[in-house]
Amino acid sequence: MSEIKFIYEKSSPLEMHKVRIVQKLNLIPVEERLKAITEAGNNTFLLKNRDVFMDMLTDSGVNAMSDQQLAAMMVADDSYAGSETFTRLEDKIKEIFGKKYFLPTHQGRACENILSQVYVKPGSIVPMNYHFTTSKAHITLNGGSVEEIVSDEALEINSDNPFKGNIDIDKLKALIEAHGAEKIAFVRLEAGTNLIGGQPISLQNMKDVYKLCHDNGILVVLDASLLADNLYFIKQREEACRDMTIREITRAIADHSDIIYFSARKLGCARGGGICTSSEEHYLKMRELITLYEGFLTYGGMSVREMEAIAVGLEETMDFDMISQGPQFIAYMVDKLYEAGIPVVTPPGGLGCHLDAKSFVSHIPQSQYPAGALAAALFIVSGVRGMERGTLSEQRDENGNEVYSNMELLRLALPRRVFTLSQVNYAVDRIRWLYDNRHLVGGLTFVEEPKVLRFFFGRLKPVSDWQIKLVEKFKADFGDSL
Ligand code: F0G
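Residues numbered from 1 in each chain as written. Predicted model: local features only at pLDDT ≥ 70, side-chain atom pairs only at ≥ 80, totals over all residues. Heavy atoms only, no water.

Structural notes on the side chain of Asp59
- Along the chain, the position of Asp59 falls in the loop between β1 (54-55) and α2 (67-73).
- Ignoring any residue separated from it by four or fewer positions in sequence, one finds Asp59 in contact with Leu226, Arg265, Lys266, Leu351, Ala413, Pro415 and Arg416. (Helix = DSSP H or I, 4+ residues; strand = E, 2+ residues; numbered from the N terminus. Contact = heavy atoms within 4.5 Å.)

Structure below.
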């Protein structure tokens, strides 16, 4: 592995909050963990939470909420139409993003459904830094196709590029020239690019993309679901933004996008979603689909309590202390793993820590889902539940052939303010043990394979008895300890 220049401070993370409500965890014995993952078809999505010790599946809807959010939930106005709660959320969106119109939805993918139905036509192209599973599914369902135009370096596991999520402007220019602007439904920018390891986009890149798109009459749509981490990285890593407040950076980002949508299961630390824009024309195009698919315009499928929590959560996202916790814990975990020689995506991004399964279990071919196999193995040896982000998360092509993913990652999400540093250290220790015993990990094969979003419900089995051998070795090394 090459020498990496990390772009974060190496000091120990320091939480600027204290814990006031806790949830009891279970750490079940290793044989029971094997039984649980077998019953779950070796798919961590199908595990029961009672069998999980550290749930690092996702940060979606599971970030810790603040006392202020809980308090606000108590004063929600649940009128069907014209609720005060909606007005409070709409006002907060206007204040933070400077966008006049807000359309509420039940979660992020609902926004993607509406955007795709309105703007994507058969044959349309949607260039983006990188796809997210649900965004791509909605675009292709409407007959469009996705073009990923991050720089080549973004797909390298180790790099010292602070903004691996940036769009490659030359690739975007070439796409516009090759297909013509009319074919492009919109350009989608994903803050905190999820599938390549939570890697950020710089403000400068957003400005460059916006200028090029506007010169060519192309819409810019920002997926702000992972904006909180991206804001932190812009302030930390982008020289020109060092003296800007988080609020100023947020506004500058918003000023360089035509439409912003987000999953409030991530942004705002609650559960819900929404779309905002300053254009009446776009607002009117999307509005009727909200009432058709989501709910009336003043709740959009969300509980009003969650809407109150989102309004407060968005305000809290403007606090640098609040948004620092996630990236700092992730950097700590990445650093510990990297020092131990374990293949992990660098520089550390947002969302979580991403193990490079292609290298971790390099003996497993992509046809046997190395990242999925690593997820099952890690659960067996630790009770830590991660999420496969590799070939399993792809869909077969129209001829039924596997589409091998560029990266085979095991994502270990760090929901904000949820885990302690000792729990992170526990996860690191078990990953180190697994790395030392990696030759014992084998591949997986499908038993039941759904056609769409197969990673959610698909069931797999090990290609050999490798899981039994892994448990035997674990017991030989750890004895009776869990
Ligand atoms: N966009 C991004 C960048 C996301 O990470 C997600 C969800 C969505 C859109 C869809 O939002 O779940 O509210 O419908 N990511 C979750 C995850 C599922 O675990 O990374 P949603």
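We are not done yet, so read on.
What about the domain arrangement of the protein?
- Domains assigned within the protein are domain 1 (30-59 + 320-478) and domain 2 (67-316).
- Put simply, domain 1 and domain 2 have three salt bridges between them.
- The partner of Arg416 in a salt bridge is Asp229, and the shortest N-O contact between them spans 2.8 Å.
- There are 13 residue pairs in polar contact (both at pLDDT 80 or more) connecting domain 1 and domain 2.
- No other element matches the seven residues that helix α12 (residues 320-339) contributes to the side of domain 1 that touches domain 2.
- Taken together, the residues that form the side of domain 1 that touches domain 2 break down as 15 nonpolar, nine polar and seven charged. (Domains from an automatic or database assignment. Salt bridge = Lys/Arg side-chain N within 4 Å of Asp/Glu carboxyl O. Polar contact = N/O pair within 3.5 Å; in protein donor to acceptor, adjacent residues only side chain to side chain. Nonpolar A, V, L, I, M, F, W, Y, C, P; charged D, E, K, R; others polar.)

Examining the packing of aromatic side chains
- Tallied over the full model, the rule gives 17 aromatic pairs.
- For the pair Tyr101 and Tyr283, a centre-to-centre distance of 4.5 Å together with 20 degrees between the ring planes defines the contact as stacked. Separated by 182 residues along the polypeptide, Tyr101 in strand β2 (residues 101-105) and Tyr283 in helix α10 (residues 280-294) bring together distant segments of the chain.
- Site record: aromatic cluster; members linked through ring pairs are Phe45, Phe455, Phe456 and Phe457.
- Residue placement shows Arg389 over the ring face of Phe455; its charged tip is 4.9 Å from the ring centre. (Phe/Tyr/Trp six-rings, centres within 6.5 Å; stacked < 30°, edge-to-face > 60°. Lys NZ or Arg CZ within 6 Å of the ring centre and 35° of its normal.)

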